[in-house]
Amino acid sequence: MFCRGEDGYHFNIKMVNPTTGEETNKKVNSMNFDAYRLMIRLDVDNHLFRYHRLFQQYYVDMYVNLKTERLNFIRFNQSNLRSDEYIHLRDAIATEGHAANIGCLTNLPATYVGSPRHMQGQI
């Protein structure tokens, strides 16, 4: 699909200020990278859309990559998300089971679509 040898996404891509053209301290996440790659531009032909079913598989792979990146962020930043302060979770562990039997707890925030807290908020 990328016959010119374009680089794919990696964690160390720096954002570029569009007005000055200089690199910033922020890094590009996979969602922004994929959105830039899929953007329709009038002056440039986007060859990805010509691959039809292969493009659909590529798009699904991009989506899975994005979800994996988000879940890894949530998993490795539990202390920054203050997951130990969830009162309802502590109550459930105290009344329904032992924390040793549960394993490694990873709390998904309500902003993560599909998490139990998000589904509860949709009622």
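Residues numbered from 1 in each chain as written. Predicted model: local features only at pLDDT ≥ 70, side-chain atom pairs only at ≥ 80, totals over all residues. Heavy atoms only, no water.

**Remarks on the overall build of the protein chain**
So, point 1. Summing up its helical and strand segments, the protein chain has 5 helices and 2 strands in all.
So, point 2. Counting only residues that meet the buried cut, the protein chain has 20% of its 123 residues in that class.
So, point 3. Look at the contacts in the protein chain between residues 6 or more apart in sequence, and 45% of them connect residues 24 or more apart.
So, point 4. Accessible surface, the protein chain as shown: approximately 10,100 Å² in total, 56% of it carbon and sulfur. (Helix = DSSP H or I, 4+ residues; strand = E, 2+ residues; numbered from the N terminus. Buried < 20%, exposed > 50% of the residue type's maximum accessible area, 1.4 Å probe, protein only. Contact = heavy atoms within 4.5 Å. Areas by Shrake-Rupley, 256 points an atom, 1.4 Å probe, with all protein chains shown as cover.)

**A look at the nonpolar core**
So, point 1. Judged by nonpolar contacts, Leu38, Leu48, Phe55, Tyr58 and Met62 together constitute the single largest core of 5 residues.
So, point 2. The element that contributes the greatest number of residues to this core is helix α2 (residues 53-76), accounting for 3 residues. (Core = buried A, V, L, I, M, F, W, Y, C linked by side-chain atoms within 4.5 Å.)

**Description of the environment of glutamate 22**
So, point 1. Inspection of the secondary structure assignment puts glutamate 22 in the loop between β1 (14-16) and β2 (23-27).
So, point 2. Judged by its relative accessible area of 53%, glutamate 22 falls in the exposed class.
So, point 3. Setting aside anything within four residues of it in sequence, one finds glutamate 22 in contact with Met15, Val16 and Asn17.

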